Amino acid sequence: MTGEQARAAITARYPAATVEGDAPVTVTVPVESWVEFAHFVKTSLGCRFFSFLSAVDWKDEGLEVVVKVDNVDTGLSLLMKTRLGPGVSACPSLTMLYKGADWMERECYDMFGIRFDGHHDLRRILLGDDWQGHPLLKSYAVDTPYPPYR
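Residues numbered from 1 in each chain as written. Predicted model: local features only at pLDDT ≥ 70, side-chain atom pairs only at ≥ 80, totals over all residues. Heavy atoms only, no water.

### Here we look at the overall build of the protein
Rules: Numbering of helices and strands runs from the N terminus; a helix is a DSSP stretch of H or I covering at least four residues, while a strand is a stretch of E covering at least two. Our radius of gyration is a C-alpha quantity, and the globule rule it is checked against amounts to 2.2 Å times the number of residues to the power 0.38. Each residue is assigned to one of three classes by its accessible area relative to the maximum for its type, calculated with a 1.4 Å probe on protein chains only: buried under 20%, partly exposed between the two thresholds, exposed over 50%. It only takes one pair of heavy atoms within 4.5 Å for two residues to be counted as in contact. In this tally, Asp and Glu contribute negative charge and Lys and Arg positive charge; neither His nor the terminal groups of the chain are included. We put the charge of a Lys on NZ, of an Arg on CZ, of an Asp on CG and of a Glu on CD.
Scanning the protein from N- to C-terminus turns up three helices and seven strands. Its C-alpha radius of gyration of 16 Å places the protein within 12% of the 15 Å reference for a compact globule of 150 residues. When its C-alpha atoms are laid out on the principal axes, the protein stretches across 50 × 30 × 25 Å. By the burial criterion, 44% of the 150 residues in the protein qualify as buried. Sequence-distant contacts, at least 24 apart, represent 48% of the contacts inside the protein between residues at least 6 apart. One finds the centroid of the 15 positive side-chain charges in the protein at a distance of 2 Å from the centroid of its 20 negative side-chain charges.

Written out as structure tokens, the structure reads:
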């Protein structure tokens, strides 16, 4: 499947989605469609390889979850995005579709504080359980006196 074919299939099925680019095809969907869209991408577009998951803190505009998946047979790359909105820190988990999302969602929880609803083992993965806050949020104080950094 080419990027052009993928864009056509996505816009036909998800008219509310914003679709841009060709390599990778970048698609922004509402958080309510997140899991359904990921299922469509995996089953209909053949994007079975889960490459990465991360987030972006857009300050007043809220958090954005970013996922890259690939169809290794056809070379199709897809960047999926969803905005959580101001003050929202919950997103549906993709672990039931992609096993590769497991530790990446935990890392995103640890660094950004995003709770992935439906994740079977959502707990810190990089920082200690006693760590306060989420260091990749732009609201996190850089002068936090937390050992061993200060």
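From this point, the narrative continues.
### Thoughts on the packing of aromatic side chains
Quick reminder of the rule: Only the six-membered ring of Trp is used, alongside the rings of Phe and Tyr, when aromatic pairs are assigned; centres must lie within 6.5 Å, and planes under 30 degrees apart are stacked while those over 60 apart are edge-to-face, with the rest tilted.
By the definition in use, this model includes four aromatic pairs. On the basis of an interplanar angle of 35° and a centroid distance of 6.3 Å, the ring pair of phenylalanine 37 and phenylalanine 40 is categorised as tilted. Residue phenylalanine 37 and its partner phenylalanine 40 are both found in helix α2 (residues 34–43); the two are separated by three residues, about one turn of the helix. With relative accessibility at 0%, the residue phenylalanine 37 sits in the buried group.

### Some details on unusual backbone geometry
Between alanine 23 and the following residue, proline 24, the backbone shows a cis peptide bond with an omega angle of 5°. Assignment of secondary structure puts proline 24 in the loop between β1 (18–20) and β2 (25–28). Although it is not a glycine, lysine 59 sits at a positive phi angle of roughly 55°. Counting through the fold element by element, lysine 59 comes out in the loop between β3 (49–57) and β4 (63–71).

### Overview of the state of the cysteines
Note the following rule: Put simply, a disulfide is two cysteine sulfurs that come within 2.5 Å.
Tallying each qualifying case throughout the model produces zero disulfides. Left without a disulfide partner, cysteine 47 is nearest to the cysteine sulfur of cysteine 91, which lies 18 Å away. The closest cysteine sulfur to the non-disulfide-bonded cysteine 108 is located on cysteine 91, 8.4 Å from its own sulfur. Residue class for cysteine 108 comes out buried when judged on its relative accessible area of 3%.

### Looking at the nonpolar core
Put simply, the rule reads: Residues belong to one nonpolar core when they are buried, are Ala, Val, Leu, Ile, Met, Phe, Trp, Tyr or Cys, and are joined through side-chain atoms within 4.5 Å.
If you look at the biggest cluster of nonpolar residues, it comprises 40 residues, and the most contacted ones within it are Phe37, Val41, Leu78, Met80 and Ile114. It is α2 that provides the largest number of residues to this core, a total of five residues. Discounting chain neighbours no more than four positions away, the residues touching phenylalanine 37 are Ile10, Tyr14, Val27, Val29, Leu78 and Met80.

### Section: the pattern of salt bridges
This is how it is decided: The term salt bridge refers to a pairing of a side-chain nitrogen on Lys or Arg with a carboxyl oxygen on Asp or Glu at a separation within 4 Å.
The final tally for this structure, using the stated rule, is eight salt bridges. Close ionic contact of aspartate 22 with arginine 7 constitutes a salt bridge, the shortest N to O distance being 3.2 Å. With aspartate 22 in the loop between β1 and β2 and arginine 7 in helix α1 (residues 3–13), this residue pair connects regions lying 15 residues apart in the sequence. Notably, a salt bridge pairs lysine 68 with aspartate 70, separated by 2.9 Å at the nearest N-O pair. With respect to class, lysine 68 is no different from aspartate 70; both count as buried. Taken together, the shared-partner salt bridges in this structure form one network comprising Glu61, Glu64 and Arg83.

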